[in-house]
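Each chain, written out:
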Amino acid sequence: DLSLYYWDAIGTSSYYFSGSYDGGGYEISGLYTQAGSTGDYSNQGLFGCIEGQSETNMAIIKNVGIIDSNIQGSYNVGGVVGEARYSTITNSYNTGTVYGRGSCVGGVVGYADDLTVTNCYNTGDVTGSDIFVGGVVGDAERYSTITNCYNTGAVTGSGDVGGVVGWADDNPTITNCYNTGSVTGYWSAVGLMGENVGGVVGNAYSYITITNCYNTG
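Residues numbered from 1 in each chain as written. Predicted model: local features only at pLDDT ≥ 70, side-chain atom pairs only at ≥ 80, totals over all residues. Heavy atoms only, no water.

Chemist: So what's going on with unusual backbone geometry? Residues and values would help.
Modeler: Most peptide bonds adopt trans geometry, and most residues besides glycine take a negative phi value. Even without being a glycine, N43 presents a positive backbone phi close to 55°. Relative to the assigned elements, N43 resides in the loop between β1 (20-29) and β2 (47-51). (Helix = DSSP H or I, 4+ residues; strand = E, 2+ residues; numbered from the N terminus.)

Written out as structure tokens, the structure reads:
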């Protein structure tokens, strides 16, 4: 239980985590990070920034659950990982709330570049004040794969909002995933409905493959 402390995420964009973490199936509760009204509070989550050395030497996060937590930040905000490149995340989940005042906000991962996410889920509410907001992954880029994942939490953002993935671009693959949570988009400046809002993917920008996925939210 970390509820007595503000959490400093493991790994930054300058000093990223590149190893292997196995949570052993344990849950971490009381994880609180600060958004701040101004300044750079990017890369927030249990892990802030993870990055492997290559596609054959990836950073690994597995078997960890985040519960009873409130993850906040500016951009690249996720319940488990804020930003992930050349990495795999397996058998991990978030049930706490996630909020980002910038883009790339996700229940499990905020920003993904060449990331493999398998058997992960989110049940907490995910809210972003900007674009690229997803129940599992906010922004999935460049050959990222999301498999056997789901979201049941409410997902809200200004645009490019999806029940599973908010924005998908450059050959990502989404397989056997579903959403049952509400998905809402709005333009924050005037409170109007936003664009590119989807039950599974908010905006499938280019060369995306979606197989055996559904939405009931």
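Chemist: Help me get a handle on the nonpolar core, residues and values and all.
Modeler: In this structure, I61, V81, V109, V137, I146 and V165 are the most contacted members of the largest nonpolar core, which totals 39 residues. Elements with a minimum of two residues in this core: β2, β3 (59-67), β6 (81-90), β10 (109-118), β14 (137-141) and β19 (165-169). Setting aside residues up to four positions removed in sequence, V109 forms contacts with V77, G78, V81, G82, A84, I89, L115, V136, V137 and G138. (Core = buried A, V, L, I, M, F, W, Y, C linked by side-chain atoms within 4.5 Å. Buried < 20%, exposed > 50% of the residue type's maximum accessible area, 1.4 Å probe, protein only. Contact = heavy atoms within 4.5 Å.)

Chemist: Kindly report on the packing of aromatic side chains, identifying the contributing residues and their values.
Modeler: Scanning all chains against the criterion turns up eight aromatic pairs. Ring centres of Y150 and Y178 lie 5.0 Å apart, and the angle between their planes is 5°; on these two criteria the pair is classed as stacked. One end of the pair, Y150, is in strand β16 (residues 150-151); the other, Y178, is in strand β21 (residues 178-179), with 28 residues separating them in the sequence. Accessibility expressed as a relative area gives 24% for Y150, which makes it partly exposed. Among the aromatic residues, ring-to-ring pairing joins Y93, Y121, Y150, Y178 and Y214 into one connected group. (Phe/Tyr/Trp six-rings, centres within 6.5 Å; stacked < 30°, edge-to-face > 60°.)

Chemist: How would you explain the pairing of β3 if you had to name every residue and give the values?
Modeler: In terms of strand pairing, β1 meets β3 through seven bridges, oriented parallel. The residue bridging Y26 from the neighbouring strand is V64, located in β3. In terms of strand pairing, β3 meets β6 through four bridges, oriented parallel. By the bridge assignment, A59 is partnered in β6 with S87. Where β3 and strand β7 (residues 93-94) come together, two bridges link them in parallel fashion. Bridge pairing in β7 links G65 to Y93. (Pairing = 2+ DSSP bridges.)

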